[in-house]
Amino acid sequence: MFRIDVPAHLTGTDRCIMPICGCIDAMHGRAFKELVQATASRFRSVRLILCDTLDAHNFALRDDPLWDEAVETCRASAARWLRKSRPILDAAFDHVAVTVWNDLKTPEFDRIERRVRGLYQGNPAVKAYIDGICSDYTERAATRQEAQGFTPDRDKIFARSLNYTLEEIPGTVIYQRLFRAPVIYVGSYFDDPQFFNRHSGDDMDLTLPEWCRVHDITDGRTMAA
């Protein structure tokens, strides 16, 4: 079972954003049904961000021979997920809308991505923040692989995670601008909506959504991907 913590100043907001990455266990089966029920108890409308092509970074680097296959596999997997999960969502919410990742990739996306990459390369605080996110993911992914009997390549996992995050940030900025709603996401997320604005030093708006933390109240843990 899950509990959704909604910040006090967002009480009364009736819509939320739910990014969907198929590699997260809570996006499937009974856990997903319980997550939807908990979310629908606080919000009546949900905007899904189907992170299909973004998810390819979890499996390949852009210059890998398998990159194109990873993109197509993730796109097909996300489409299957949506077909299976849409009835659950429609039964729980008054309104369900879907945006796929490539819909966010406008010329403005490219401009924001260049700015974020520049900050990563030139601002130590931004680099430390992003590296911290990627290092946390790397260790969790490596631990899962070790539990399955594999020997993880942490450098390669980190490189894929970094590519994912540097594409995820501009997409997140874009969908915050478009939909302006809090995010429901099971796992680590950007914990400070104004972090990049404080470090950007220009007038480009890099505001991120607010994150409603998700707790597994079965054993008292905040869920992690």
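Residues numbered from 1 in each chain as written. Predicted model: local features only at pLDDT ≥ 70, side-chain atom pairs only at ≥ 80, totals over all residues. Heavy atoms only, no water.

1. Some points on empty space enclosed by the protein
No. 1: In this structure the tally under the stated criterion is one cavity of 30 Å³ or more.
No. 2: Its volume calculated, the largest cavity comes out at about 40 Å³.
No. 3: Taken together, Pro19, Cys51, Leu54, Trp101, Tyr164, Glu168, Thr172, Tyr175 and Tyr185 make up the lining of the largest cavity.
No. 4: Looking at which element gives the most residues to the lining of the largest cavity, the answer is helix 5 (residues 154-179), with four residues.
No. 5: In the lining of the largest cavity, the residues fall into seven nonpolar, one polar and one charged. (1 Å grid on protein atoms, 1.4 Å probe; cavity = no way out; pocket = protein on both sides within 12 Å on 5 of 7 lines; lining within 4 Å. Points joined across faces, edges and corners; volume = space filled by probe spheres on them. Helix = DSSP H or I, 4+ residues; strand = E, 2+ residues; numbered from the N terminus. Nonpolar A, V, L, I, M, F, W, Y, C, P; charged D, E, K, R; others polar.)

2. A short note on the nonpolar core
No. 1: The biggest cluster of nonpolar side chains holds 64 residues, and the ones touching the most others in it are Leu48, Trp81, Ile130, Tyr175, Ile184 and Phe196.
No. 2: Sort the elements by how many residues they give to this core and helix 5 lands first, with eight residues.
No. 3: Apart from the residues lying within four places of it in its own chain, the contact partners of leucine 48 are Met18, Ile20, Trp81, Leu82, Leu89, Val96, Ala97, Val98 and Thr99.
No. 4: The next biggest cluster of nonpolar side chains, apart from the first, holds six residues, and it includes Ala60, Trp67, Val71 and Cys74. (Core = buried A, V, L, I, M, F, W, Y, C linked by side-chain atoms within 4.5 Å. Buried < 20%, exposed > 50% of the residue type's maximum accessible area, 1.4 Å probe, protein only. Contact = heavy atoms within 4.5 Å.)

3. Looking at helix 4 (residues 124-147)
No. 1: When the terminal C-alpha atoms of helix 4 are compared, their 34 Å separation across 24 residues agrees well with the 34 Å that a helix rising 1.5 Å per residue should span.
No. 2: What helix 4 keeps buried is the set Val126, Tyr129, Ile130, Asp131, Cys134, Thr138, Arg140, Ala141 and Ala142.
No. 3: Buried residues along helix 4 sit against helix 3 (107-122), helix 5 and helix 6 (195-200).
No. 4: A positive backbone phi angle near 90° is found at glycine 149, which sits one or two residues after helix 4. (Expected span 1.5 Å × (residues − 1).)

4. A few points about the packing of helix 1 (residues 29-40) against helix 2 (residues 67-92)
No. 1: The interhelical angle for the contact between helix 1 and helix 2, taken along N-to-C directions, is 35°, at an axis separation of 10 Å. The hand of the helix 1/helix 2 crossing is right-handed. Judged by residue contacts, Phe32, Lys33, Val36 and Ala40 of helix 1 engage Trp81, Ser85, Ile88, Leu89 and Ala92 from helix 2.
No. 2: By residue class, the composition of the contact of helix 1 with helix 2 is seven nonpolar, one polar and one charged. (Axes fitted to C-alpha atoms, helices over the stretch in contact; angles between N-to-C directions. Left-handed = near helix turned anticlockwise from the far one by under 90°.)

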